[in-house]
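The residues making up each chain are set out below.
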Amino acid sequence: MSVTQQQVLDALAKVASPRGVALTNAGVLSAITANDGKVFFSINVDATEARAWEGVRAAAEEAVRAIPGVTMAMIALTAERKAGPAAAAPPPPHSHSHGVQPAAAHKPPQSPASPMSKQSEIPGIAAVIAVASGKGGVGKSTTALNLALGLRDLGLRVGLLDADIYGPSVPRLTGIREKPQLNDDKKMIPITRFGLAIMSIGFLVEEETAMIWRGPMVMSAITQMLRDVAWGTLDVLVVDMPPGTGDAQLTLAQNVPLKGAIIISTPQDLSLIDARRGLAMFRKVNVPVLGIIENMSYFQCPHCGTQSDIFGHGGARHEAERLGVPFLGEIPLHMSIRATSDSGTPVVESEPDGPHAAIYRAIGAKVREQLQGATAAA
Ligand code: ADP
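Each residue is numbered by its place in its chain's sequence as written, counting from 1. Reporting in this predicted model follows two pLDDT cut-offs: at least 70 for local features of residues, and 80 or more for side-chain atom pairs to be given and counted; totals over whole chains, interfaces and linings ignore these cut-offs and use all residues. Hydrogens are left out, water is left out, and the side-chain values use all remaining heavy atoms of the structure.

> Can you walk me through the confidence of the model for the protein in this structure?
Here the protein shows a mean pLDDT of 81. Residues at 70 or above account for 83%. What pLDDT expresses is the predictor's confidence in each residue, scored from 0 to 100. Only DSSP runs of H or I reaching four residues or more are called helices, and only runs of E reaching two or more are called strands; each is numbered from the N terminus. Ranking the helices and strands of the protein by mean pLDDT puts helix H4 (residues 140-153) first, with 97, and helix H3 (residues 115-118) last, with 40. Contacts are assigned to residue pairs that have any heavy atoms within 4.5 Å of one another. Taken together, the stretch residues 82-118 has pLDDT below 50 and engages in 81 contacts with residues farther than four places along the chain or on a different chain.

> How should the side chain of serine 341 be read in this particular structure?
As for its placement among the helices and strands, serine 341 is situated in helix H11 (residues 335-342). Working definition: with a 1.4 Å probe on protein chains only, accessible area under 20% of the residue-type maximum means buried, over 50% means exposed, and in between means partly exposed. What makes serine 341 buried here is its relative accessible area of 6%. Among all residues touching serine 341, those that are not within four sequence positions of it are Thr142, Arg172 and Leu173.

> When you look at the environment of leucine 328 in this model, what are you seeing that I'm missing?
Here leucine 328 is to be found in strand E12 (residues 327-333). Judged by relative accessible area, leucine 328 falls into the buried class, the value being 2%. For the pair leucine 328 and alanine 365, spaced 37 residues apart in the sequence, the C-alpha separation amounts to 9.2 Å. Beyond its immediate sequence surroundings of up to four residues, leucine 328 is in contact with Ile262, Leu290, Gly291, Ile292, Ile293, Ile363, Lys366, Val367 and Gln370.

> Help me out: how do you make sense of the site of the ligand in this one?
If a single non-hydrogen atom of a residue is within 4 Å of a molecule or strand, that residue counts as near it. Every one of the 18 residues lining the ligand counts as a neighbour, but Gly137, Lys140, Ser141, Thr142 and Pro332 are closest to it. Serine 141 is positioned such that a nitrogen or oxygen atom in its backbone is 2.9 Å from an oxygen atom of the ligand. Considered on its own, the ligand offers 550 Å² of accessible surface; in the complex 85% of this is hidden by protein. Cavity means a closed set of points on a 1 Å grid over the protein atoms alone, one where a 1.4 Å probe fits but cannot get out, pocket means an open set with protein on both sides within 12 Å along at least 5 of 7 lines, and lining means a residue has an atom within 4 Å of a point. Any molecule with more than half of its atoms within 2 Å of a cavity's or pocket's grid points is counted as sitting in it. Here the ligand occupies the second largest pocket. When residues of the shell around the ligand are traced back to their parent elements, those giving at least two are H4, strand E10 (289-300), E12 and H11. No other element matches H11, which puts four residues into the shell around the ligand. Counting of polar contacts relies on pairs of N or O atoms within 3.5 Å, with two restrictions inside protein: one atom must be capable of donating a hydrogen and the other of accepting it, and residues adjacent in sequence are counted only when both atoms are side-chain atoms. Using the Shrake-Rupley algorithm and a 1.4 Å probe, accessible areas are obtained, with residue cover drawn only from the displayed protein chains.

> Looking at this structure, I do not really get unusual backbone geometry. What am I missing?
In terms of backbone geometry, most residues other than glycine have negative phi values and most peptide bonds are trans. Even without being a glycine, lysine 186 presents a positive backbone phi close to 65°. Tracing the backbone through its elements, the reader meets lysine 186 in the loop between helix H5 (170-174) and strand E6 (191-193). The phi dihedral of asparagine 286 is positive, around 60°, even though this residue is not glycine. Take asparagine 286: it is sitting in the loop between helix H9 (269-284) and E10.

> I'm lost on helix H1 (residues 5-12) in this one. Help?
Along an α-helix, residues three or four positions apart point the same way, because every turn accommodates 3.6 residues. Regarding H1, the residues found buried are Val8, Ala11 and Leu12. The buried residues of H1 occupy one face: seen down the axis, they fall within an arc of 95°. Elements that come into contact with the buried residues of H1 comprise strand E2 (38-46) and helix H2 (50-65). Note that the arc is computed from the directions linking the helix axis to the C-beta atoms.

Set out below in structure tokens:
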């Protein structure tokens, strides 16, 4: 049964708003996407009003879920601070468990805050770590997934959240085609694959839909994926961040309760400059950088095994030393890493006894070590 926008609007017309009018007349709704039983939209209000609208968001979600044929409803409350004097007021504190919060994605933080004070930790998850890169195409997602599998091989309970909302690649990398179901508490159940609990915005929307989301809605959707997903008990949740170091990434780094961040770089100078920006971004919001990984570090011939340093191997290691952050390891540019990624069977899973799996596991061990250090320091 397909659900129409009109059905959604009819349901929302019965929801009251703090402005004394029906939600549909309050002038706060984004465009509504109703696709194949899945409904997405946002309620956009000013940050100073966000608290009053939390209940409305929940009521709207309930009303939409009650429409026959709706299988999934993701309704984000996005709050933007207006320009002018009101911009100086802090957004209302986020104190409940529902996870949708004022995003204020266009305003980067001016002063550093402790990573633990800015957001409550997620119950059941011991450590959330971000995998980031200064730019796209350096192999961030491939590394995030194989690193998650490497951590799994160390005996840890691991989840993977694909927060690369502009181009979610985890569905392709894992071959997952199914949609997450809701449990009795209306939380999304992550898809289990390769022993990992996996969630991606790509499971919920078509790639094109994800691309057009505006900044505040991106943050809201990611927060919802973090907190409205039944992750269960995890030792580590690996978050595959959107590439880059713009305001959206900064806000994400600031709003997700991160224990640490890992930066992926290729050896080229250009990529290293971007990596430096990534490092500066995490430092700005006081998230410990657990280390740098050099991906596509050297070319390893699939036939003879000869190593060629086509990108000037070693750049990231030197950079890490110079910047005083740990160097976590080098991953070669190898055909089987690409082929296994593209076929949805990551190399750590499909070639567990091969040299690449060993590299990812070794990096995983270093990450675990760094995390233990970070926890002890905290
Ligand atoms: P990003 O997330 O940074 O955009 P991806 O992980 O999607 O990058 O990787 C981009 C492309 O590079 C993919 O085709 C992937 O298979 C390939 N790739 C990534 N790392 C390696 C590697 N070490 N060796 C060979 N191919 C790789």
